[in-house]
Amino acid sequence: MNLCRLELMKIRLSTYLWAILGVFASLLAIGIMFLFIFQMEAGENGTSAEAELFANWNGLLALTTALAFSCFSIMSAVIASKVIISEYCGRNAVVLLSYPVSRKTMLGIKCLIVSGITTVFAFISNTLVIGIMYISAHIFEIMPQMNTEHFLSTVLISSFLMGILSSAVGIISTALGWKKRSAVTAIVCSLIMVCIFANCITVSPGNIVWVMLAMGVIFVMAANIVYRILTNGIEKMEV
């Protein structure tokens, strides 16, 4: 617990809370815009093929979740770069490596904190965005089709899985950045990964939970392998 408190103090979570609030506000604004895109398309020519994702709640959930995945994956890489790359590759590395604590334990705590922060705030943000979108749709009488009986559980599960995916991307990107001893490399890697994989979330909106579950299994396995490589590398670092 003392190590966790120490790491949280070093991270200065309040700094990132403002960034998380900005991400939430941006995603919410985009989500509201999606509702009006649906209304405009439906008002002019009916629902076109291009606007199919905007015509039902599963599609809107997939779009907003994909955007949230992109934002929180990059944020996870930024936090992990600060906590891992900047410390282990910076001037204070000698002090950190001299702690009377197992290096593996120390790294595990750092990764756990980064993953926890990412997962919790990604889950809260995405759930609130969808919830406010749903309320706004009722207020403005914009009602996309509800094509599932379990929309609330779908939102909760997909938001949680999105948080796990984002944290996994952050860890993978940070390990790659550590290899190059560059925080910028980690952030660029996370950007490349979200550009490649974010669209996978919108492939099948009706099966978003299963799609994200499959992605989550693959990403967590990859993150676990990369974490082991990172651990071995840090344990071999000389003081």
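Residues numbered from 1 in each chain as written. Predicted model: local features only at pLDDT ≥ 70, side-chain atom pairs only at ≥ 80, totals over all residues. Heavy atoms only, no water.

### What to know about the overall build of the protein chain
No. 1: Helix and strand content of the protein chain: eight helices and zero strands.
No. 2: Along the protein chain, helices (α) and strands (β) appear in the sequence α-α-α-α-α-α-α-α when read from the amino end.
No. 3: Considering the protein chain as a whole, with its 239 residues, one finds that 47% of them fall into the buried category.
No. 4: Long-range pairs, those at least 24 residues apart, make up 82% of the contacts in the protein chain between residues at least 6 apart in sequence.
No. 5: For the protein chain, the computed accessible surface area is about 12100 Å², with 68% contributed by carbon and sulfur atoms. (Helix = DSSP H or I, 4+ residues; strand = E, 2+ residues; numbered from the N terminus. Buried < 20%, exposed > 50% of the residue type's maximum accessible area, 1.4 Å probe, protein only. Contact = heavy atoms within 4.5 Å. Areas by Shrake-Rupley, 256 points an atom, 1.4 Å probe, with all protein chains shown as cover.)

### Observations regarding the nonpolar core
No. 1: Grouped together as the largest cluster of nonpolar side chains are 66 residues, with contacts concentrated most on Phe69, Phe72 and Leu107.
No. 2: Going through the elements one at a time, helix H2 (13-45), helix H3 (57-88), helix H5 (103-139), helix H6 (151-180), helix H7 (183-197) and helix H8 (208-235) are the ones with two or more residues in this core.
No. 3: For Phe72, the residues in contact, after removing those within four places along its chain, are Ile20, Val23, Leu27, Thr118, Phe121, Ala122, Ser125 and Ser166. (Core = buried A, V, L, I, M, F, W, Y, C linked by side-chain atoms within 4.5 Å.)

### Some points on the packing of H3 against H5
No. 1: Packing of H3 against H5 leaves a shortest axis separation of 9 Å and a crossing angle of 155°. Taken together, the axis directions place H3 and H5 in an arrangement best described as roughly antiparallel. Regarding H3 and H5, the two cross each other, and that crossing is right-handed.
No. 2: Looking at side-chain class alone, the contact of H3 with H5 contains 21 nonpolar, six polar and three charged residues. (Axes fitted to C-alpha atoms, helices over the stretch in contact; angles between N-to-C directions. Parallel < 35°, antiparallel > 145°, perpendicular 65-115°, else oblique. Left-handed = near helix turned anticlockwise from the far one by under 90°. Nonpolar A, V, L, I, M, F, W, Y, C, P; charged D, E, K, R; others polar.)

### With respect to H3
No. 1: Between the first and last C-alpha of H3 there are 44 Å, a value that for 32 residues agrees with the 46 Å anticipated at 1.5 Å per step.
No. 2: In the structure, H3 departs most strongly from a straight axis at Ser81, where the bend amounts to approximately 40°.
No. 3: Most of H3 is tucked away, with 26 of its 32 residues classed as buried.
No. 4: By the N-cap criterion, in which a side-chain oxygen at the helix start approaches the backbone nitrogen of a residue two or three places on, H3 is capped by Asn56, the distance to Asn58 being 3.3 Å. (Expected span 1.5 Å × (residues − 1). Bend = angle between axes of the 7 residues up to and from the residue. Polar contact = N/O pair within 3.5 Å; in protein donor to acceptor, adjacent residues only side chain to side chain.)

### Side note on the packing of aromatic side chains
No. 1: Inspection of the entire model under this criterion finds four aromatic pairs.
No. 2: Measuring from centroid to centroid gives 5.5 Å for Phe36 and Phe140, while their planes differ by 65°, and the two rings are edge-to-face. With a gap of 104 residues between them, Phe36 in helix H2 and Phe140 in the loop between H5 and H6 connect regions that are remote in the sequence.
No. 3: By relative accessible area, which is 46% here, Phe140 ends up partly exposed. (Phe/Tyr/Trp six-rings, centres within 6.5 Å; stacked < 30°, edge-to-face > 60°.)

### Here's the deal with unusual backbone geometry
No. 1: Positioned with a positive phi, Arg181 is a non-glycine residue whose angle comes to about 55°.
No. 2: Its place among the elements puts Arg181 in the loop between H6 and H7.

### As for the confidence of the model for the protein chain
Fine structural detail should not be taken from predicted coordinates in areas where pLDDT scores are low.
No. 1: Per-residue pLDDT for the protein chain averages 84, and the proportion of residues at 70 or more is 86%.
No. 2: No element of the protein chain has a lower mean pLDDT than helix H4 (residues 93-97), at 65, and none a higher one than H6, at 92. (pLDDT = per-residue confidence, 0-100.)

### Digging into the side chain of Thr64
No. 1: Residue position: Thr64 is located in helix H3.
No. 2: Given a relative accessible area of 4%, Thr64 falls into the buried group.
No. 3: A polar contact of 3.1 Å, which involves the side chain of Thr64, links it to the backbone oxygen of Leu61.
No. 4: With residues near it in sequence (within four places) discarded, Thr64 still touches Gly31, Phe34, Asn126, Ile130 and Met133.

### Some remarks on the packing of H3 against H7
No. 1: Remark: H3 packs on H7, axes separated minimally by 9 Å, with the N-to-C direction vectors making an angle of 160°. Here H3 is positioned roughly antiparallel relative to H7, judged by the angle of their axes. At the point where H3 passes H7, the crossing takes the right-handed sense. Contacts from Phe69, Ser70, Ser73, Ile74, Ala77, Val78, Ser81 and Ile85 of H3 reach H7 at Ala183, Ala186, Ile187, Ser190, Leu191, Val194 and Phe197.
No. 2: In terms of residue class, the contact of H3 with H7 is built from eleven nonpolar, four polar and no charged.

### Notes on the environment of Leu156
No. 1: Structurally, Leu156 can be placed in helix H6.
No. 2: Residue Leu156 is classed as partly exposed on the basis of its relative accessible area of 32%.
No. 3: Measuring from C-alpha to C-alpha, the distance between Leu156 and Ile130 comes to 9.9 Å, with 26 residues separating the pair along the chain.
No. 4: Residues in contact with Leu156, not counting those within four places in the same chain, are Phe123 and Thr127.

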